Structures are given as C-alpha cells and as structure tokens.
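What follows is each chain in one-letter form.
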Amino acid sequence: MKPWHEVVASLEVDARRGTFPRAVSDVAAASVVWTDPSPAAGAESAPENVGDCAGRDPLTGLLCRAALVRTLQMALETPAEAAPFAVALIDIDGFRATNQGLGYSAGDRLLHAAARRLETCLRREDTLVRFGSDEFAILLTDVQPADAARVGERLQSALGAPIDLGGTVVCPQASVGIVMRGVQHTRPEEILRDAERALGRARAAGKGRSEVFDPRADPRAATLSQLEAALRRAIDSEDFRTHYEPMVSVKGGQVTGFEILLWRRSGGLRARR
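Peer 1: Whenever I open this one, the pairing of strand β4 (residues 85-92) confuses me. Can you help?
Peer 2: Working note: regular strand, side chains alternate between the two faces of the sheet. The buried fraction of β4 amounts to 8 of the 8 residues, a majority that puts the element mostly inside the structure. With burial as the criterion, each face of β4 is covered, one bearing F85, V87, L89 and D91 and the other bearing A86, A88, I90 and I92. With 7 bridges joining them, β4 and strand β6 (residues 135-141) adopt antiparallel strand pairing. Each residue of the ladder has a partner; that of F85, found in β6, is T141. The pairing of β4 with strand β9 (residues 174-180) spans 7 bridges and is antiparallel. By the bridge assignment, I92 is partnered in β9 with A174.

Peer 1: What am I meant to see in helix α5 (residues 148-159) here?
Peer 2: Because the α-helix completes a turn every 3.6 residues, residues three or four places apart line up on one side. Between its first and last C-alpha atoms α5 spans 17 Å; for 12 residues at 1.5 Å apiece the expected length is 16 Å, and the two agree. Listing the buried residues of α5 in full gives A148, V151, G152, R154, L155, A158 and L159. Projected down its long axis, α5 carries its buried residues within an arc of 160 degrees, all on one side.

Peer 1: Just checking my understanding: could you explain the sheet that holds β4 for this structure?
Peer 2: Strands pair in a sheet through their backbones, by hydrogen bonds, and they do so in one of two ways: parallel or antiparallel. Strand order in the open sheet formed by 6 strands is β3-β5-β6-β4-β9-β10, and the pairing between neighbours is mixed. Looking along the sheet, the strands with just one partner apiece sit at the ends: β3 (63-64) and β10 (210-212). Direction of pairing for β9 relative to β10: parallel, over a ladder of 3 bridges. When the bridges of β10 are listed, I178 appears paired with V212. The strands touched by α5 are β4, β6, β9 and β10; relative to β9, the strand with the most contacts, the crossing angle is about 155 degrees.

Peer 1: In this structure, what is going on with helix α2 (residues 65-75)? I would like to understand it.
Peer 2: Listed as buried for α2 are A67, L68, L72 and A75. Along the axis of α2, the buried positions cluster into a sector of 135 degrees, meaning they face one direction only. Exposed and oriented more than 90 degrees from the buried face of α2 are R70 and M74. The inward-facing, buried residues of α2 abut β3, β4, β5 (127-130), β6 and α6 (188-204).

Peer 1: Quick question: what am I supposed to make of the environment of E189 here?
Peer 2: Relative to the elements of secondary structure, E189 occurs in helix α6. What makes E189 partly exposed here is its relative accessible area of 37%. The spatial distance from the C-alpha of E189 to the C-alpha of V69 is 7.8 Å, given a sequence separation of 120 residues.

Peer 1: Help me understand the pattern of salt bridges, please; the structure alone is not making it clear to me.
Peer 2: Where side chains of opposite charge bring their charged atoms close, a pairing between them can arise. One pass over the structure, following the stated rule, counts 11 salt bridges. Between R193 and D194 there is a salt bridge, with its nearest N and O atoms 3.1 Å apart. Taken individually, R193 and D194 each receive the classification buried, so the pair is uniform in this respect. A salt bridge links R197 to D194, with the nearest nitrogen and oxygen atoms 3.1 Å apart.

Peer 1: Please clarify how the environment of L261 should be interpreted in this entry.
Peer 2: In this fold, L261 is placed in strand β12 (residues 255-264). For L261, a relative accessible area of 9% corresponds to the buried category. Taking the C-alpha atoms as reference points, L261 and R241, 20 residues apart in sequence, are found 8.1 Å from one another.

Peer 1: Looking at this structure, how should I read the nonpolar core?
Peer 2: In this structure, I90, F136 and L155 are the most contacted members of the largest nonpolar core, which totals 32 residues. Of all the elements in the fold, those that place two or more residues in this core are β4, α4 (104-119), β6, α5 and β9. Formed by 18 residues, the second largest nonpolar core is a distinct cluster that contains A75, F85, V87 and L199.

Peer 1: Looking at this model, I keep getting lost on the environment of R124. Mind explaining?
Peer 2: Tracing the sequence through the fold places R124 in the loop between α4 and β5. Judged by its relative accessible area of 83%, R124 falls in the exposed class. Put simply, R124 and T141 are 17 residues apart on the chain and 9.9 Å apart in space, counted from C-alpha to C-alpha.

Peer 1: Honestly, the pairing of β9 in this entry has me stumped. Any pointers?
Peer 2: Among the 7 residues that make up β9, 7 are buried, leaving the element largely enclosed by the rest of the structure. Covered by surrounding structure in β9 are A174, V176, I178 and M180 together with S175, G177 and V179, the residues of both alternating faces. This β-α-β element, β9 to α6 to β10, shows left-handed connectivity.

About the thresholds
Residues numbered from 1 in each chain as written. Predicted model: local features only at pLDDT ≥ 70, side-chain atom pairs only at ≥ 80, totals over all residues. Heavy atoms only, no water. Buried < 20%, exposed > 50% of the residue type's maximum accessible area, 1.4 Å probe, protein only. Helix = DSSP H or I, 4+ residues; strand = E, 2+ residues; numbered from the N terminus. Pairing = 2+ DSSP bridges. Expected span 1.5 Å × (residues − 1). Arc of directions from axis to C-beta. Contact = heavy atoms within 4.5 Å. Axes fitted to C-alpha atoms, helices over the stretch in contact; angles between N-to-C directions. Salt bridge = Lys/Arg side-chain N within 4 Å of Asp/Glu carboxyl O. Core = buried A, V, L, I, M, F, W, Y, C linked by side-chain atoms within 4.5 Å. Right-handed = clockwise from strand over helix to strand, strands pointing away.

All we've got here are geometric facts, nothing functional implied.
Following this line, the structure appears as structure tokens:
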C-alpha cells in the first residue's frame, strides 16, 4: 500500500474517471472547462443513468452514507496504531444558489461532475460516498497526521476546475473537514461528529477552505463530548421527565404552542418548542 503523501505528490487531475476537458473560448479566466462525460465515448454514464446498483446513490452512482458507517465500524475493530485512517467531509459551497439560479438540472450535473472528480483522488483502498444533499465523504486509509492538510488541498484542487453546466461556466469551491482517527474514537458517529466540526470551522473561516480537526483548538470539544456521554447515560437510565405547559394567546385564548420542561433527577433543563 502506497503512503498517502506519495499519492498526493504524484497524482494529477486527469480524464481517467470520465471527466473530459474542452476549450471554451468565451471564458477568459480558463482555457479548459470540465464537462460531464458522454456515454457514447465509453466513459462513465451520464447523471440520469447511474446508480442502478443496490445501496448506491441514484444520481452519482456512489455508495450511500450507510456504507461508510459500516466500513468505519469494521475499520475501528483494528487497533488505532495498526490502522491509521482519516475521514474527509466535502461540502460544495453555494450549491443552493446553483439550484436556484441555474435550475436543478444544473445542480445535478455539478454533483455528478464532483463525484467523478473526487474519484480521481482515490486509491483502491479508499471509500467515497455521497454523504448528504451536497456533501461527500471519503474514508482514507493509511493516512498520517502530517498528510491531512495536503489531502484537503488535493480534494479542493480536484473540484476547483471550471465546469460547463449547460452553457454556464462555473468554478466550484468546496469546504473540507478532515479528522484523523484517534484513540478516543470508538464508534463511527464519533468520527463523523468530529469531521462535521472540522467542516463547520472551514465554513466559518470563509468557505473554500479545509480544516483538520484538532480538539486542542476547539475547547468546546471535550465539554461537548462529556455532555453527550452524560445525556446518553441519562437516556439509557430513563432519568428524564417531561412536562408540557400550554402557551395561550392573550387574543382569543387560543393555544399557540407548548413549553416543554425537561427535568432530570439531579437538576433541570428547559427547552422551548
């Protein structure tokens, strides 16, 4: 298995996965624009024809989120020092604006092209999934902490080339959050939680950025983990009681909602709905 840093150093974005360059004369900022592949050319199928296998996303043909959770669960069964890995979450910045401004067909083409581009970054042992509406996730095996920042740069570079969305050329950007497996990670949801935190920091920094999760740089991380553990214990032990108080409008006496009081034996928490 080749170390990730060797792959990052040698791998260049190309057309191996069915993403083809062509010249666009009316785009001054770029001489090459990436377009969706043509089925007639024997490349990857077009957006409307992929995903015919069970457990795959119907738009991109990628595995779905559940597959990542299963793979993470298996990876966590090996000791951390023997099986280092990382998870990268990739969010397409401004995807909603693309849908609203250019239409859902253009949004679908963007997601399809993004999936093909991300595939160029994979090694055989890596796992790429469609994680959400405009999010992708990659399980990267045999990755060292020193490689994590370059992983984010590589993913952003692969996604950033101009693309023609049916006559409109855009240069997509992505925010990337990366988390290295740590000894504190015992369940898939813990790894995904920290990847989401890193992604949140990347978005907050101005989008088009990548962030590697560092619990030392996020003082809330330990507190949130402790709170989550305490809440899980309280739920498992049925330690909560709820009381509902109606909220009545002064005009007409109509019930407009309820205030929920959530009580624990050792104290009280209030949540309003």
